[in-house]
Amino acid sequence: MDFNMKKLASDAGVFFTRAVQFTEEKFGQAEKTELDAHFENLLARADCTKNWTEKILRQTEVLLQPNPSARVEEFLYEKLDRKVPSRVTNGELLAQYMIEAANDFGPNSPYGKTLIKVGETQRRLGGAERDFIHSASINFLSPLRNFLEGDWRTISKERRILQNRRLDLDACKARLKKAKAAEAKAAAVPDFNETRPRNYILSASASALWSDEVEKAEHELRMAQTEFDRQAEVTRLLLEGISSTHVNHLRCLHEFAEAQATYYAQCYQYMLDLQKQLGRLPGTFVGNAESTSPPPVTASPTTIAAGAATGPAVPIIPVVPTVIGAPNSAPAVEALNPSDVKPPASGTRKARVLYDYEASDSTELSLLSDEMITVYSLPGMDPDWLIGERGNQKGKVPVTYLELLS
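Each chain carries its own residue numbering, running from 1 in the direction its sequence is written. Given that this is a predicted model, residues contribute local features only at a pLDDT of at least 70 and side-chain atom pairs are listed and counted only at 80 or more, while totals for whole chains, interfaces and linings are drawn from all residues. Side-chain metrics in this entry use all non-hydrogen atoms of the structure; hydrogen atoms and water are not considered.

A.B. asks: Help me out: how do you make sense of the packing of helix α2 (residues 37-64) against helix α5 (residues 110-186) in this one?
C.D. replies: In a packed pair of helices, the relevant descriptors are the angle between the two axes and the axis-to-axis distance. Here, axes are lines fitted to C-alpha atoms. For helices the fit covers the stretch in contact, and angles between N-to-C directions go from 0 to 180 degrees. Counting from the N terminus, the helices are the DSSP runs of H or I reaching at least four residues and the strands are the DSSP runs of E reaching at least two. Running from N to C, α2 and α5 cross one another at 150 degrees; their axes reach a closest spacing of 10 Å. Of the possible angle classes, the one that applies to α2 and α5 is roughly antiparallel. Between α2 and α5 the crossing geometry is left-handed. Partitioned by chemical class, the residues of the contact of α2 with α5 number 16 nonpolar, four polar and six charged. Roughly parallel here means an angle under 35 degrees, roughly antiparallel means over 145, roughly perpendicular means 65 to 115, and every remaining angle is called oblique. The sense of a crossing depends on the near helix, which, turned anticlockwise from the far helix by less than a right angle, makes the crossing left-handed and, turned clockwise, makes it right-handed. Residue classes follow a fixed rule: Ala, Val, Leu, Ile, Met, Phe, Trp, Tyr, Cys and Pro count as nonpolar, while Asp, Glu, Lys and Arg count as charged, and any other residue, Gly among them, counts as polar.

A.B. asks: Would you take a moment to explain unusual backbone geometry for this structure?
C.D. replies: Leave glycine aside and you will find that most residues have negative phi; peptide bonds, for their part, are mostly trans. A positive phi angle, near 75 degrees, is found at D370, a position not held by glycine. By the element assignment, D370 lies in the loop between β1 (349-353) and β2 (372-376). Each residue gets one of three labels from its accessible area relative to the maximum for its type: buried under 20%, exposed over 50%, partly exposed in between, using a 1.4 Å probe on protein chains only. Taking the relative accessible area as the measure of exposure, D370 reaches 53% and is therefore exposed.

A.B. asks: Where do I start with the packing of aromatic side chains in this structure?
C.D. replies: The description of an aromatic ring pair uses the distance of the two centres, along with the angle that the planes make with each other. For this analysis, a ring pair means two rings from Phe, Tyr or Trp (six-membered ring only for Trp) whose centres lie within 6.5 Å, classed as stacked if their planes differ by under 30 degrees, edge-to-face if by over 60, and tilted for the remaining angles. This model, assessed by the stated rule, comprises nine aromatic pairs. Judged by centre distance (5.4 Å) and plane angle (20 degrees), the rings of F105 and Y111 are stacked. A relative accessible area of 52% means that Y111 is categorised as exposed. Look at F140 and F256: their rings are 4.8 Å apart centre to centre, the planes differ by 20 degrees, and that puts the pair in the stacked class. Here F140 is found in helix α5, whereas its partner F256 is found in helix α7 (residues 242-280), with 116 residues between them in sequence. When its relative accessible area of 5% is taken as the criterion, F140 is described as buried. For F256, a relative accessible area of 11% translates into the label buried. Taken together, F132, F140, F256, Y263 and Y264 form an aromatic cluster joined through their ring pairs.

A.B. asks: Can you walk me through a nonpolar patch on the surface in this structure?
C.D. replies: On the surface, V72, F75 and L76 cluster together into a nonpolar patch covering about 290 Å² of accessible area. Residue classification places L76 among the partly exposed residues on the basis of a relative accessible area of 48%. Residues with no salt bridge and a relative accessible area higher than 30% make up the patches, which join like charges within 9 Å and nonpolar side chains (Val, Leu, Ile, Met, Phe, Trp, Tyr) within 5 Å. The protein chains shown are the only cover counted for residues, whose accessible areas, like all others here, come from Shrake-Rupley with a 1.4 Å probe. When a carboxyl oxygen of Asp or Glu is within 4 Å of a side-chain nitrogen of Lys or Arg, the pair counts as a salt bridge.

A.B. asks: Would you mind going over the pairing of strand β3 (residues 385-390) with me for this structure?
C.D. replies: Along any regular strand, the residues point their side chains to alternate faces of the sheet. For β3, the tally of buried residues reaches five of six residues, placing the bulk of the element in the interior. In this sheet, strand β4 (residues 393-398) lies alongside β3 in antiparallel orientation, the contact comprising six bridges. Directly across from G388, in β4, lies its bridge partner G395. Here β3 folds back onto β4 in antiparallel fashion, the turn holding two residues, of which G391 has a positive phi close to 65 degrees. A pair of strands is treated as paired once DSSP finds two or more bridges between them.

Here it is in structure tokens:
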């Protein structure tokens, strides 16, 4: 083993000098080189960014994976640089249980048919949840984690180097101050009443020695100042890069919000479709014409959220309008006849279809993902629906399945 005793002794001496300087500064026994106000602001901003990024990252991980054991498992796989095994979502597991139960109860019985329909919807919800988690992990969590494990580690390393350079600089200043004081004392006017000429010789020799010590201390101070200034500039450039980090995280935050909005829109539409399917099944309670209770009120997600915030904690589930003429039914809008609908003179827009949609009756228009259609709204129409046209075909289409382009 190559062991350099001289380098080890030098490193130990530097470490001891820095420790002494740091301790004296803490006790107010030594002067400390202060950074300018702009630099201090950059440091405070960087620390604030690091602290809040850590908190946002951890809480987002909790949101995407509430199970702490699963989060620990994913963390271990990540540290071991191994692929995280695919995990079934809660919705997919519930769908599996419902479908298996339906097969045991009888898939053709009313309960069995309903279990299958609800189970299929739960499977679609679980798939949507999986897609949202995957998108959020790539587009939001990964950039935050890369900042903490990459850029921030580099900034922390350079800050530690800058701290050491500052301690070296302040130690050089202290040595120069002591050398100058000793030189001034040695160069003082000798006592001519001194009866021993030997003291004059010693005084002159000490003055020359302290002059050399002052020159050496000044040289070391210049070198330390140069190193400190260079390291301060490197650290300043890294700290100013925090602004670009904020811009990158802002873009990632927009992508996270869009992914979450898409996920909840899918869930909402899946549940609307499920209610329509359950309403057409015999023996179910949704949309049952023989029910004597008032029908549930149709509500959009915005209305549901507002009601939850201001009203009692009663679940409000959007349902398909009841059949016209059913007992105790609320007034219904007249069924749409596509041949009678005329597009407005202005207000038509192009839209791209996000997901496949199967029309439930002749008034609706079936959709295929990624196709382009023309859409518009009519006075008094449900805001969750639009009129869609594709060639000679025309019908109602759900807004949540569309991306309006113009």
